[in-house]
Amino acid sequence: MREVIIRALSGLLYMACLLLAIFSLENAYLLLLLIFGFICLYEFLKLVGIKSYIPYLLFIIVTVVFCYFKWSRLATLLFLGLTVTTNLYLIKNLIRPSEKYITLSQKYGYTLFYIIGGFVFTILLPSYQGDYTSYLVASVFALIWINDTFAFIVGKSIGKHKLLERISPKKTIEGFIGGLVFSCIASFFIFKFTGLLTIQLWITVAIVTSVFGTLGDLIQSQLKRQAGVKDSGQLMPGHGGFYDRLDSIIFASPFIYLFLIVLEYVS
């Protein structure tokens, strides 16, 4: 019971800080995500065995260039393409692992495009059209939380068929479907409350968020399994590390950002 209370309190504190930053100034959101990013980067580098300050310097440079100064739309799209390509490669390795050990060049590639790129497009998500839209990114975080919560509840209640047992024995197909369905239901209420996108587009965002958020969680589980650890860190009591908490959003954000800018282009 004590563990449940601690988990709930740390989760509520995390959500409160995040929502406060989102609904404050754009720079407050950027600063908080920068802090979260440094913590996640530290936890990720420990997992893959990189002992260097270079990734932290890269994180600062890339974030300042793309998120603060918002330099060059073309360069941003190129970085997005490399980030999405890296994430697709990680999905391929999740389904059909091609190697047992990660090479040093792969570690740095994952660091730059999977972790740093993931945070860059999480930060850029609310301003994909230029103006900062707090309700958009708050809604995406809400969809992530709803997907995770109901995937756990449904999986725990009726889950029988394993989703990817060799990576995450507790995740089930029923849980995944439950999280997806409730995310789509939540997207209807988000549509009614925000009016930012059509209901069809919100449902699509919910599907993209649920699918790629789950894949992001599985990819992190694979990295932890390879490192032989249960959690990426201990900074969030009851949840593990910040990387454990943010793995879904940083993996899903580049795909959501891509969907939204393609939608903007074709419309």
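See the structure above.
Residues numbered from 1 in each chain as written. Predicted model: local features only at pLDDT ≥ 70, side-chain atom pairs only at ≥ 80, totals over all residues. Heavy atoms only, no water.

(A) How the structure looks around the packing of aromatic side chains. One pass over the full model with this rule turns up 23 aromatic pairs. With a centroid separation of 5.7 Å and 45 degrees between ring planes, the pair formed by Phe79 and Phe113 is classed as tilted. One end of the pair, Phe79, is in helix H4 (residues 73-95); the other, Phe113, is in helix H5 (residues 104-124), with 34 residues separating them in the sequence. With relative accessibility at 7%, the residue Phe79 sits in the buried group. (Phe/Tyr/Trp six-rings, centres within 6.5 Å; stacked < 30°, edge-to-face > 60°. Helix = DSSP H or I, 4+ residues; strand = E, 2+ residues; numbered from the N terminus. Buried < 20%, exposed > 50% of the residue type's maximum accessible area, 1.4 Å probe, protein only.)

(B) Focus on helix H8 (residues 199-227). If you check H8, its first and last C-alpha atoms are 42 Å apart, about what 29 residues at 1.5 Å a residue would give, namely 42 Å. Where H8 terminates, the next one or two residues include Gly228, which has phi positive at roughly 75 degrees. (Expected span 1.5 Å × (residues − 1).)

(C) A look at unusual backbone geometry. Residues other than glycine seldom take positive phi values, yet Lys70 does so here, at roughly 50 degrees. Tracing the backbone through its elements, the reader meets Lys70 in the loop between helix H3 (54-68) and H4. For Lys70, a relative accessible area of 34% gives the class partly exposed. A positive phi angle, near 60 degrees, is found at Ser72, a position not held by glycine.

(D) The arrangement of the pairing of strand S2 (residues 168-172) in detail. Relative to S2, strand S1 (residues 162-164) runs antiparallel, the two sharing two bridges. Considered in S2, the bridge of Lys162 is made with Thr172. Taken together, S1 and the strand that follows it, S2, pair antiparallel across an intervening segment of three residues. (Pairing = 2+ DSSP bridges.)

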